[in-house]
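# Structural features, examined
This is what each chain is made of:
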Amino acid sequence: MTDPSRPEASPRLPAGFELIAQDPRLGPLMLRSLERVEERLGEAVRSTDQLADVTARHLLNAGGKRIRPLLALLAAEVAGSVNEDVVEAAVVVELTHLASLYHDDVMDSAPMRRGVETAHTVWGNTVAILTGDMIFARASSMVSGLGQESLMIQARTFERLVIGQLRETAGPAEGDDPVEHYLDVIAGKTGSLIAASGQYGALLGGAPASVVDLMVVYGEKLGLAFQLADDIIDLTGHPDVSGKTRGTDLREGVDTLPVLLLRREAAGTDAQAAAAARKVLALVDGDLSEDEALARAVDAVSEHPVSAEAWRIANQWADEAIEALAPLDDSVAKSALREFAHAVVHRTG
Ligand code: FPP
Ligand code: MG
């Protein structure tokens, strides 16, 4: 149950955003705008239904990095200005993300999120799913005030989120390359909404079409880097920092990049490397219902070189995101977007 003594999330810049925080103009502007986003988020989830009011606040008040709203705000800065429509769009992307988490935690049987028990653990699957639906409805209602193009971005993003999640659930088809399939899944379930965040900020901030397009490319690549990091942190992270239960993906049998690299190595021609990979996979593919077995598997994967290789690939996507910014004139906002990409892959939670 939500702890009423727990303070509501207060605006702050996540670790790694020092350049933004220390800039005398951008720092206060971002903090003020994030404060406004926070206020609007609180209003957006309010409900006259007592249960919905409590369940919708549960995850919102538990915190979160608010990286999607921050990206929308920074993209607007590149475009020229943060205005009230940009703030509304920043709220829309965070609400959409929040809604998807209620659903995702049911699908992943995840016990913890943002350091609190997940909604389905407290109220059951039906309430958790319906809460996600309600929050998504609120996002849709807000986006309807932002014009036809914004509405279309939201509809297309929602479809990509859903298809990404569906493809993750279905797994790769016969003959598909599992790593390509995985990258496709994470582009849909994470890249789409992060790209939409940059797109909204630039579009509603008044940027020319070329800059809006560039922010889409940046956001999509950043989204891949973000989800890759997230999946590695599922194995290597500390629950006190990540707020989630370590090894959830392994327990649910969701193969993320480190495990896919292990499977590739296990089938490779280097006999010694293949044997070492198979040893780790024997743990991964074993019964992980006991916490000790899960901890052994998680440790084995995170200590194997595939984890370092996965980090290298995450960094590569972050670098590609930064390269997409090349046509932009130099500015503090552009440097901030560079810092943003680094922060995404240098986080621990
Ligand atoms: C987290 O993945 C999940 C997502 C990024 C999106 C999931 C999308 C849906 C459930 C469909 C969209 C639904 C609505 C209502 C918008 P993860 O499990 O890899 O990450 P985690 O470690 O944060 O759980
Ligand atoms: Mg999950």
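In the annotation of an unreviewed UniProt entry, the protein is listed under the name Polyprenyl synthetase family protein and assigned to Kocuria rhizophila. Under the UniProt heading Sequence similarities (unreviewed entry), the entry covering the protein gives this text: "Belongs to the FPP/GGPP synthase family." UniProt annotates the protein under Cofactor (unreviewed entry) with the comment "Mg(2+)".

## Side note on the coordination of the magnesium ion (ligand 2)
All of the protein donors around the magnesium ion (ligand 2) are Asp104 (OD) and Asp108 (OD); their distances to the metal are 2.0 to 2.1 Å. Accessibility assignment for this pair places Asp104 and Asp108 in one class, buried.

## So, the side chain of Ser197
When you line up the elements, Ser197 lands in helix H9 (residues 178-204). A distance of 2.7 Å separates the side chain of Ser197 from the backbone oxygen of Leu193, its partner in a polar contact.

## Some points on the packing of helix H4 (residues 67-79) against helix H10 (residues 209-236)
A pair of packed helices is characterised by two quantities: the angle between their axes and the separation of those axes. In the contact formed by H4 and H10, the axes pass within 11 Å of each other and the chain directions differ by 150°. The angle between H4 and H10 places the two elements in the roughly antiparallel class. Of the two possible hands of crossing, H4 and H10 adopt the one that is right-handed. Only Val211, Met215, Tyr218, Leu222 and Phe226 of H10 make contact with H4, whose side of the interface consists of Ile67, Arg68, Leu71, Ala75 and Val78. A class-by-class count of the residues in the contact of H4 with H10 yields nine nonpolar, no polar and one charged.

## Observations regarding the pattern of salt bridges
Considering all chains together, one arrives at 25 salt bridges under this definition. The salt bridge involving Asp230 is made with Lys244; its shortest N-O contact spans 3.2 Å. With Asp230 in helix H10 and Lys244 in the loop between helix H11 (239-242) and helix H12 (248-251), this residue pair connects regions lying 14 residues apart in the sequence. Notably, a salt bridge pairs Asp230 with Arg347, separated by 3.7 Å at the nearest N-O pair. Of this pair, Asp230 sits in helix H10 while Arg347 is found in the segment after helix H17 (332-345), placing the two residues 117 residues apart along the sequence. There is no split in this pair, since Asp230 and Arg347 are both buried. A cluster of three or more residues bridged by salt bridges with shared partners is formed by Glu38, Arg66, Glu94 and Arg114.

## Some words on the site of ligand 1
Lining the immediate environment of ligand 1, one finds 17 residues, of which Asp104, Asp108, Arg113, Lys189 and Lys244 sit closest. Here an oxygen atom of ligand 1 sits 2.7 Å away from a polar atom, N or O, in the side chain of Asp108. Separating an oxygen atom of ligand 1 from a side-chain N or O atom of Asp230 is a distance of 3.2 Å. Burial of ligand 1 by the surrounding chains reaches 93%, relative to a free accessible area of 630 Å².

Calculation criteria
Residues numbered from 1 in each chain as written. Chains lettered and ligands numbered in written order. Predicted model: local features only at pLDDT ≥ 70, side-chain atom pairs only at ≥ 80, totals over all residues. Heavy atoms only, no water. UniProt positions renumbered as here; feature names shortened; annotations may be inferred. Donors = N, O, S within 2.8 Å, 3.2 Å for Na, K, Ca; no water. Buried < 20%, exposed > 50% of the residue type's maximum accessible area, 1.4 Å probe, protein only. Helix = DSSP H or I, 4+ residues; strand = E, 2+ residues; numbered from the N terminus. Polar contact = N/O pair within 3.5 Å; in protein donor to acceptor, adjacent residues only side chain to side chain. Axes fitted to C-alpha atoms, helices over the stretch in contact; angles between N-to-C directions. Parallel < 35°, antiparallel > 145°, perpendicular 65-115°, else oblique. Left-handed = near helix turned anticlockwise from the far one by under 90°. Contact = heavy atoms within 4.5 Å. Nonpolar A, V, L, I, M, F, W, Y, C, P; charged D, E, K, R; others polar. Salt bridge = Lys/Arg side-chain N within 4 Å of Asp/Glu carboxyl O. Near = heavy atom within 4 Å. Areas by Shrake-Rupley, 256 points an atom, 1.4 Å probe, with all protein chains shown as cover.

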